[in-house]
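# Coordinate inspection notes
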Amino acid sequence: MVGGFDGRSVIVTGAGSGIGRAAALAFAAQGARVVVADLNAEGAQQTVEEIEQAGGSAVAVTGDLSEQAVVDQVTTTAVERFGGVDVLVNNAGIMDRMSALADVSDAEWERVIRVNLTAPFLLTRAVLPHMLAAGKGAIVNTASEAGLRGSAAGAAYTASKHGMVGLTKNLAVMYRKQGIRANAIAPGGTATRIVVDVEQGAHGPTALGPHFVNLGRVARPEEQAAAIVFLASDAASNINGVVLPVDDGWSAV
Ligand SMILES: NC(=O)c1ccc[n+]([C@@H]2O[C@H](COP(=O)([O-])OP(=O)(O)OC[C@H]3O[C@@H](n4cnc5c(N)ncnc54)[C@H](O)[C@@H]3O)[C@@H](O)[C@H]2O)c1
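In short, a report on the structure.

Here we come to the sheet that holds strand E4 (residues 87-90). Spatial strand order, E3-E2-E1-E4-E5-E6-E7: 7 strands in an open sheet with parallel pairing. Unpaired on one side and paired on the other, strand E3 (57-62) and strand E7 (243-246) mark the two borders of the sheet. Strand after strand, the sheet turns through a mean of 15° between neighbouring axes, direction not considered. Against the sheet, helix H2 (residues 41-53) contacts strand E2 (33-38) and E3, and its axis sits at roughly 175° relative to E3.

As a further point, take the site of the ligand. Neighbouring the ligand are 29 residues; Ser 17, Asp 38, Asn 91, Tyr 157 and Thr 192 lie closest to it. Note that an oxygen atom of the ligand is positioned 2.8 Å from one of the backbone N or O atoms of Ile 19. Within the backbone of Asn 91, an N or O atom sits 2.7 Å from an oxygen atom of the ligand. Burial of the ligand by the surrounding chains reaches 91%, relative to a free accessible area of 830 Å². Because more than half of its atoms lie within 2 Å of the grid, the ligand is assigned to the largest pocket. At the level of secondary structure, the elements contributing two or more residues to the shell around the ligand comprise helix H1 (18-29), helix H4 (106-134) and helix H5 (155-174).

On to the packing of aromatic side chains. Overall, the coordinates contain 1 aromatic pair when judged by the stated rule. With 5.0 Å between their ring centres and 90° between their planes, Phe 5 and Phe 27 make a pair best called edge-to-face. In this pair, Phe 5 is assigned in the segment before strand E1 (9-13) and Phe 27 in helix H1, connecting sequence segments 22 residues apart.

The N-to-C vectors of H4 and H5 enclose an angle of 15°; their axes lie 7 Å apart at closest approach. Considering their axes alone, H4 and H5 lie roughly parallel with respect to each other. Classified by chirality, the crossing of H5 by H4 is right-handed. Facing H4, whose interface residues are Trp 109, Val 112, Ile 113, Asn 116, Leu 117, Pro 120, Phe 121, Thr 124 and Leu 128, H5 presents Ala 155, Ala 156, Tyr 157, Ala 159, Ser 160, Lys 161, Gly 163, Met 164, Leu 167 and Leu 171. Tallied by class, the residues present in the contact of H4 with H5 amount to 14 nonpolar, 4 polar and 1 charged.

Bringing the pattern of salt bridges into the picture now. Per the counting criterion, the structure on display carries 7 salt bridges. In this structure, Arg 149 engages Glu 145 in a salt bridge whose closest nitrogen and oxygen atoms are separated by 3.0 Å. By relative accessible area, Arg 149 is classed as buried at 14%. Residue Glu 145 is classed as buried on the basis of its relative accessible area of 0%. The residue Arg 217 makes a salt bridge to Glu 223 at a minimum N-O spacing of 2.9 Å.

Along an α-helix, residues three or four positions apart point the same way, because every turn accommodates 3.6 residues. For H4, spanning 29 residues, the distance from its first C-alpha to its last is 41 Å, which sits close to the expected 42 Å at 1.5 Å a residue. Of all the bends in H4, the largest measures some 40° and sits at Arg 114. Downstream of H4 by a residue or two, Gly 135 has a phi angle that is positive, lying close to 75°.

With that settled, consider the side chain of Asn 141. In this structure, Asn 141 sits in strand E5 (residues 137-142). The class for Asn 141 is buried, based on a relative accessible area of 0%. Here Thr 168 takes part through its side chain, which lies 2.9 Å from a polar atom of the side chain of Asn 141. When sequence neighbours within four positions are dropped, the list of residues in contact with Asn 141 reads Asn 90, Met 164, Thr 168, Asn 183, Ala 184 and Ile 185.

Parameters and conventions
Residues numbered from 1 in each chain as written. Predicted model: local features only at pLDDT ≥ 70, side-chain atom pairs only at ≥ 80, totals over all residues. Heavy atoms only, no water. Pairing = 2+ DSSP bridges. Helix = DSSP H or I, 4+ residues; strand = E, 2+ residues; numbered from the N terminus. Axes fitted to C-alpha atoms, helices over the stretch in contact; angles between N-to-C directions. Contact = heavy atoms within 4.5 Å. Near = heavy atom within 4 Å. Polar contact = N/O pair within 3.5 Å; in protein donor to acceptor, adjacent residues only side chain to side chain. Areas by Shrake-Rupley, 256 points an atom, 1.4 Å probe, with all protein chains shown as cover. 1 Å grid on protein atoms, 1.4 Å probe; cavity = no way out; pocket = protein on both sides within 12 Å on 5 of 7 lines; lining within 4 Å. Sits in = over half its atoms within 2 Å of the grid points. Phe/Tyr/Trp six-rings, centres within 6.5 Å; stacked < 30°, edge-to-face > 60°. Parallel < 35°, antiparallel > 145°, perpendicular 65-115°, else oblique. Left-handed = near helix turned anticlockwise from the far one by under 90°. Nonpolar A, V, L, I, M, F, W, Y, C, P; charged D, E, K, R; others polar. Salt bridge = Lys/Arg side-chain N within 4 Å of Asp/Glu carboxyl O. Buried < 20%, exposed > 50% of the residue type's maximum accessible area, 1.4 Å probe, protein only. Expected span 1.5 Å × (residues − 1). Bend = angle between axes of the 7 residues up to and from the residue.

Written as structure tokens, this is what we have:
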């Protein structure tokens, strides 16, 4: 396979399903060698098989990315198998219960923040030394419409995705002199397997009002993947610190 990512080493988290799988396939189709990281072993293996069947190169690493040992394994695999890390896509994430703050349990808060914000922090911290040594690298984070506004999810998910936006912008500024770019996409509703275990109380989705329902067309995962691949590519060489909505205009409402 030959393309804009020929021979480059790309880590995609949450690549066993949805947006992450579509991104892994898209990178591989452009020649990248992909580390498919996911909690779901079956999903990760299926992504690897699809890439290999199409003539590409990929390896799966299975585990919970909120654990340092798994983060280290993902990083080591990219370095040892593919010679470094050219691109890191922090995409794995989980939804909250759409709860208003007073109804958020400790467990919901801690799990959502841990998976959606702490795990990307851990993996980025592990990968950065390799990008710094190479003098180049591109990081793309999957934020959300809920990283742009207060009316797209519950308190925990909204806080985690606003955190992801802050992390992205801070990375962009801190490392721009060292050849590393960091950007994010903010997907609107996208047809994936993400689970919304909805809180049905008065402070759940009903409290979010018309901005929650005026969300436009549901995207295909491939539409999100195309934006991720663009932001990671040399075509985006002067784009750093942006949060790109991919949302059929939801953020314009
Ligand atoms: N689908 C949407 O409407 C939508 C909208 C905005 C943002 N997003 C974001 O897109 C990203 C991808 O989600 P998706 O919609 O493709 O959902 P998905 O459930 O289809 O895929 C997410 C993948 O992440 C993996 N994952 C979850 N927790 C993990 C962990 N701790 N360690 C490793 N892997 C883990 C899951 O196993 C799954 O394969 C998430 O960050 C999500 O918040 C999705």
